[in-house]
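# Structural characterization, general
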Number of protein chains: 2
Amino acid sequence: MHQPTIIDIARQLGLSKSTVSRALTAHPNVNEKTRQRVLELADKLDYQRNQLAISLLTNQTRTVGIMVPEFISFFFPKVIIGAQEELAKAGYNVVICHSNESYATEVTSAKSLFASRVDGLIVSHTKETRNFDHFRTFTRKGIPVVFFNRVWENEEVSKVVVDDYTGAYQAVEHLIQTGRRRIAHLSGPDTLPNSRSRLNGYLDALKHYDVPVDPSLVISYDLTLEKANIYVNHLLNLPEPPDALFAINDPTAIEALKVVKSRGLRVPDDLAIVGFSDDPISALIEPGLTSVAQPVSEIGQEAARLLLAHLTASADQPAAPTTVTLPTRLVVRGSTGS
Amino acid sequence: MHQPTIIDIARQLGLSKSTVSRALTAHPNVNEKTRQRVLELADKLDYQRNQLAISLLTNQTRTVGIMVPEFISFFFPKVIIGAQEELAKAGYNVVICHSNESYATEVTSAKSLFASRVDGLIVSHTKETRNFDHFRTFTRKGIPVVFFNRVWENEEVSKVVVDDYTGAYQAVEHLIQTGRRRIAHLSGPDTLPNSRSRLNGYLDALKHYDVPVDPSLVISYDLTLEKANIYVNHLLNLPEPPDALFAINDPTAIEALKVVKSRGLRVPDDLAIVGFSDDPISALIEPGLTSVAQPVSEIGQEAARLLLAHLTASADQPAAPTTVTLPTRLVVRGSTGS
DNA sequence: CTGTTAGCGCTTTCAA
DNA sequence: TTGAAAGCGCTAACAG
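Residues numbered from 1 in each chain as written. Chains lettered and ligands numbered in written order. Predicted model: local features only at pLDDT ≥ 70, side-chain atom pairs only at ≥ 80, totals over all residues. Heavy atoms only, no water.

- Per an unreviewed UniProt entry, chain A carries the name LacI family transcriptional regulator and comes from Arsenicibacter rosenii.

This is the structure in structure tokens:
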């Protein structure tokens, strides 16, 4: 099972390996006839270049790592595809790692990506991540890291986020303007910046419309569906239950919808519901789920563009860390209206 | 931005790089004190081993490539996660490629994975793939390739499939037993083996129950939702429209459901619908979609196990190509019953 | 246009 | 227990 190398080709053709290398890499300084002979034999031997050797030598792999906490929901796969398209145009390959929301796995993956010398990193971290040392390993060595969705706060790295605050604000505004007063919020862990931004949007909308904030209607939880189920039931069991729910994301909102239905209540009459991200499922269920849409593919594209900017920047002319904020858009469906 | 190497450590400690290498790789023949000194300095310098160099030398990357045609639907991500879990246990990393159903992309990805010397491959090919030479590059060099879902036919490679035939048979049997006689089938391209198996299950079920086969009710298409929409409308416009539809997959079935509803018809009264794969969405929509469930994670785990068997087999004791067939299970919901 | 040489970072004999 | 040397497959000066 010996894999042919340029030395095999060189020997069989009575050439030096440099010439073979040149012929194979479309180097100008090679006799056209020589190149033909090399190409032919390479084809015949089914020669496949060894990228490991090249990367070791050139000190670049032309590979980018993408780290996400999960990729079962539509969001992360779509971001990845968006990023991959941009990266592919520039000749970069992509290695995808999903941590399954586990900090330990994230650290291991980061180490492994570093060991295989990726040229850059695009990251949305786990909900457990509080220590970012495994990413500092990269930045300290000048390997660019771009965050999206869940971003490394107070750090000089490029980031792509959406306007979570305004998205949340508009969602709650919509609920108020359609007559709701007791609006609950199922929020994510406050380690996640986007979770906090959405909470702030919620609070400010209430404030702006003089709707009193009831702390018992604001619950922060760990984003598991089991907990969502428990908390929605808890809210509905309250002596004064909410008349609306703004959920941190669509899976939570859909879980809420199931709970409401299973209790024989109606959406939106008994509880209006708004989600976040506009998962395609939202349009398929009944009633349709009102949701704050994010430009998902664009997030990936933007992250890739920022990374490429850093990748192509020269050492003496480094690209400055940039934060790109993309707009959200409220999509109104049956879960909040008629 | 110089990355420290074992030579840096060796120099600073007045050792040879061999000793440093031994200390770092937990080799037994190193003085414990020496090891401590090395480990300490490595930590201080933030030394990270260069996997490229190791792979080049050892001729193994401990990396496995997984190639899928898409990963927006729940199926492929879940297979990947299942495979990844198994592979991680054995100390293998995973590189994920999605071809976006493009043959050209698949070929490019395969070349790139080969160039970076993955130790093995797990593949579900695109619907366009008819030429498998890019996979033969691997098998010919003794690099194991395991197919799943969409498999390389008539080839001595390991495969993981589900019992598509029986799944389809039971779906159609269920439709017949609940009183349907004009059962349409939206089938996939006949380049895909599983598509043909499902078609055969459909045909045999009709035959077994003496339901005449009407060729105008069997439509093979390219799996795009736009076409699905057109063909469902076409079927409903027939002078004698079908009273049931067996769809090749859940997205198609859900598209059909939307079409039926948009025409003011009812499911299942006017058209009963069955899908394939039991996408989680199927339980969320109304009516719930009857579907043939596959053991998705197990497909990935099984594929990983087969690959590992090949990976750990010695050259003189190679693992034999094996085909694993996993069972399907009909999940009945509102789209075919009350 | 082609060959020679050095070396990317690491592991692994073979000697000491 | 440690060091010296060879070499994985390749590219890139430098000479010729």
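### Looking at helix H2 (residues 17-24) of chain A
All names here are of chain A.
- Every buried residue of H2 is accounted for by Thr-19, Val-20 and Ala-23. Looking down the long axis of H2, one finds its buried residues gathered within 100° of arc, a one-sided arrangement.
- Residues of H2 that are buried in the fold lie against helix H1 (6-13) and helix H3 (32-45).
- Among the residues trailing H2, Ala-26 stands out with phi positive, at a value near 60°. (Buried < 20%, exposed > 50% of the residue type's maximum accessible area, 1.4 Å probe, protein only. Helix = DSSP H or I, 4+ residues; strand = E, 2+ residues; numbered from the N terminus. Arc of directions from axis to C-beta. Contact = heavy atoms within 4.5 Å.)

### Some details on the packing of helix H6 (residues 103-115) of chain B against helix H7 (residues 133-140) of chain B
Residue and element names in this part refer to chain B.
- At their nearest, the axes of H6 and H7 sit 9 Å apart, and the two run at 20° to each other. Taken together, the axis directions place H6 and H7 in an arrangement best described as roughly parallel. Considering only the axes of H6 and H7, their crossing is left-handed. The residues of H7 that touch H6, namely those facing Tyr-103, Glu-106, Val-107, Ala-110, Leu-113 and Phe-114, are His-134, Phe-135, Thr-137 and Phe-138.
- Looking at the contact of H6 with H7 residue by residue, the class counts come to seven nonpolar, two polar and one charged. (Axes fitted to C-alpha atoms, helices over the stretch in contact; angles between N-to-C directions. Parallel < 35°, antiparallel > 145°, perpendicular 65-115°, else oblique. Left-handed = near helix turned anticlockwise from the far one by under 90°. Nonpolar A, V, L, I, M, F, W, Y, C, P; charged D, E, K, R; others polar.)

### Focus on the packing of aromatic side chains
- Considering all chains together, one arrives at 23 aromatic pairs over all chains under this definition.
- Both rings, one in Phe-132 of chain A and one in Trp-152 of chain A, keep their centres 5.2 Å apart while their planes meet at 5°; by these two values the pair is stacked. With Phe-132 of chain A in the loop between strand E3 (120-123) and helix H7 (133-140) and Trp-152 of chain A in the loop between strand E4 (145-148) and strand E5 (158-162), this residue pair connects regions lying 20 residues apart in the sequence.
- Judged by relative accessible area, Phe-132 of chain A falls into the buried class, the value being 12%.
- Aromatic side chains Phe-246 of chain B and Phe-276 of chain B sit 6.5 Å apart centroid to centroid with 50° between the ring planes, which places their arrangement in the tilted category. Here Phe-246 of chain B, found in strand E8 (residues 244-247), pairs with Phe-276 of chain B, found in strand E9 (residues 272-277); they are 30 residues apart in sequence, far enough to count as distant. (Phe/Tyr/Trp six-rings, centres within 6.5 Å; stacked < 30°, edge-to-face > 60°.)

### A look at the protein's contact with DNA strand C
- What surrounds DNA strand C is a group of 26 residues, the closest being Ser-18 and Arg-22 of chain A together with Lys-17, Tyr-47 and Leu-57 of chain B.
- Of all DNA strand C atoms lying within 4 Å of any protein atom, the proportion belonging to sugar or phosphate reaches 54%.
- One of the side-chain N or O atoms of Ser-18 of chain A is found 2.7 Å from a base oxygen in DNA strand C.
- Listed by contribution, the elements that provide at least two residues to the surface near DNA strand C are H2 and helix H4 (51-58) of chain A together with helix H2 (17-24) and helix H4 (51-58) of chain B. (Near = heavy atom within 4 Å. Polar contact = N/O pair within 3.5 Å; in protein donor to acceptor, adjacent residues only side chain to side chain.)

### Description of the domain arrangement of chain A
Residue and element names in this part refer to chain A.
- Domain annotation of chain A identifies domain 1 (6-49), domain 2 (58-162 + 296-326) and domain 3 (164-294).
- In this structure, domain 2 and domain 3 have C-alpha centres spaced 30 Å apart.
- Residue-level contacts link 13 residues of domain 2 with 15 residues of domain 3.
- Interface area, domain 2 with domain 3, both sides summed: about 1300 Å², of which 55% is carbon and sulfur.
- When the buried area of domain 2 at its contact with domain 3 is split by residue, Phe-74, Lys-127 and Val-162 rank highest and sum to 46% of it.
- The partner of Glu-153 in a salt bridge is Arg-196, with the nearest N and O atoms 2.6 Å apart.
- Applying the counting criterion to the domain 2 and domain 3 interface returns six residue pairs in polar contact (both at pLDDT 80 or more).
- In terms of residue class, the side of domain 2 that touches domain 3 is built from six nonpolar, three polar and four charged. (Domains from an automatic or database assignment. Buried area = accessible area lost by both parts, 1.4 Å probe. Salt bridge = Lys/Arg side-chain N within 4 Å of Asp/Glu carboxyl O.)

### Remarks on the interface of chain B and chain A
- Chain B puts 43 residues into the contact, and the matching count from chain A is 43 residues.
- For the pair chain B and chain A, the summed buried surface comes to about 4100 Å²; carbon and sulfur atoms form 61% of the total.
- Sorting the residues of chain B by area buried against chain A places Leu-52, Lys-141 and Leu-284 of chain B first, and these three jointly supply 16% of that buried surface.
- Our count for the contact surface shared by chain B and chain A stands at six salt bridges.
- Linking Arg-140 of chain A and Asp-46 of chain B is a salt bridge whose minimum nitrogen-to-oxygen distance equals 2.9 Å.
- The interface formed by chain B and chain A includes 16 residue pairs in polar contact (both at pLDDT 80 or more).
- Elements that contribute at least two residues to the side of chain B that touches chain A include exactly H4, helix H5 (75-89), strand E2 (93-98), H6, H7, helix H11 (250-262) and helix H12 (281-284) of chain B.
- A breakdown of the residues in the side of chain B that touches chain A according to their chemical character gives 20 nonpolar, 13 polar and 10 charged.

### Some words on the packing of helix H8 (residues 164-177) of chain A against helix H9 (residues 193-208) of chain A
Residues and elements named next belong to chain A.
- Relative orientation of the contacting elements H8 and H9 amounts to 40°, with a least axis distance of 7 Å. Between H8 and H9, the crossing angle belongs to the class labelled oblique. The way H8 lies across H9 gives a crossing that is right-handed. Residue-level contacts link Asp-164, Tyr-165, Ala-168, Tyr-169, Val-172, Glu-173 and Ile-176 of H8 to Asn-194, Ser-197, Arg-198, Asn-200, Gly-201, Tyr-202, Asp-204, Ala-205, Leu-206 and His-208 of H9.

### Focus on the relation of the copies chain B and chain A
- When chain B is fitted to chain A, the residual RMSD is 0.1 Å, and the transformation amounts to a turn of 180° plus an axial shift of 0.0 Å. Between the two chains, the operation in question is that of a two-fold axis. The rotation axis passes nearest to the C-alpha of Ile-285 of chain B in chain B, at a distance of 2.3 Å. (Least-squares fit on C-alpha atoms with pLDDT ≥ 70 in both.)

### Considering the UniProt feature "domain: HTH lacI-type" (unreviewed entry) in chain A
- The UniProt record annotates "domain: HTH lacI-type" (unreviewed entry) at residues 4-58 of chain A.
- Split by type, residues 4-58 of chain A is 69% helix and 0% strand. Its first and last C-alpha atoms lie 21 Å apart. (UniProt positions renumbered as here; feature names shortened; annotations may be inferred.)

### Examining the protein's contact with DNA strand D
- Near DNA strand D you find 26 residues, and of these Lys-17, Ser-21, Tyr-47 and Leu-57 of chain A together with Arg-22 of chain B are the closest.
- Among the atoms of DNA strand D lying within 4 Å of the protein, the sugar-phosphate backbone contributes 52%.
- Contact between DNA strand D and Ser-18 of chain B: a base nitrogen at 2.9 Å from a side-chain N or O atom of the residue.
- The residue inventory of the surface near DNA strand D, partitioned by class, reads nine nonpolar, 12 polar and five charged.

### Looking at the nonpolar core
- Membership of the largest hydrophobic core comes to 60 residues, with the highest contact counts inside it found for Phe-71 of chain A together with Phe-71 of chain B.
- Residues Ala-256 of chain A together with Leu-192, Leu-236 and Leu-245 of chain B belong to the second largest nonpolar core, which totals 56 residues. (Core = buried A, V, L, I, M, F, W, Y, C linked by side-chain atoms within 4.5 Å.)

### Digging into the sheet that holds E8 of chain B
All names here are of chain B.
- Here we have six strands laid out as an open sheet, ordered E7-E6-E8-E9-E10-E12, and mixed in their pairing. One side of each edge strand has no neighbouring strand; the edge strands of this open sheet are strand E7 (218-220) and strand E12 (329-331). Direction aside, neighbouring strands of the sheet carry axes that sit 15° apart on average.
- Inspection of the sheet shows E9 paired to strand E10 (residues 290-293) by four bridges, in the parallel sense. Paired with Val-274 across the two strands is Thr-290, which belongs to E10.
- Along the sheet face, helix H9 (residues 193-208) touches strand E6 (183-187), E7, E8 and E9 and points at about 170° away from the line of E6. (Pairing = 2+ DSSP bridges.)

### A few points about the side chain of Ser-277 of chain A
Residues and elements named next belong to chain A.
- As for its placement among the helices and strands, Ser-277 is situated in strand E9 (residues 272-277).
- Of note is the side chain of Ser-277, whose polar atom sits 2.8 Å from the side chain of Gln-294.
- Setting aside anything within four residues of it in sequence, one finds Ser-277 in contact with Phe-74, Asp-250, Ser-291, Val-292, Ala-293 and Gln-294.

### Here's the deal with the state of the cysteines
- A full pass over the atoms with the stated rule returns zero disulfides over all chains.
- For the unlinked cysteine Cys-97 of chain A, the closest cysteine sulfur is that of Cys-97 of chain B, found at 13 Å.
- Cys-97 of chain A sits in the buried class, given a relative accessible area of 11%. (Disulfide = S-S within 2.5 Å.)

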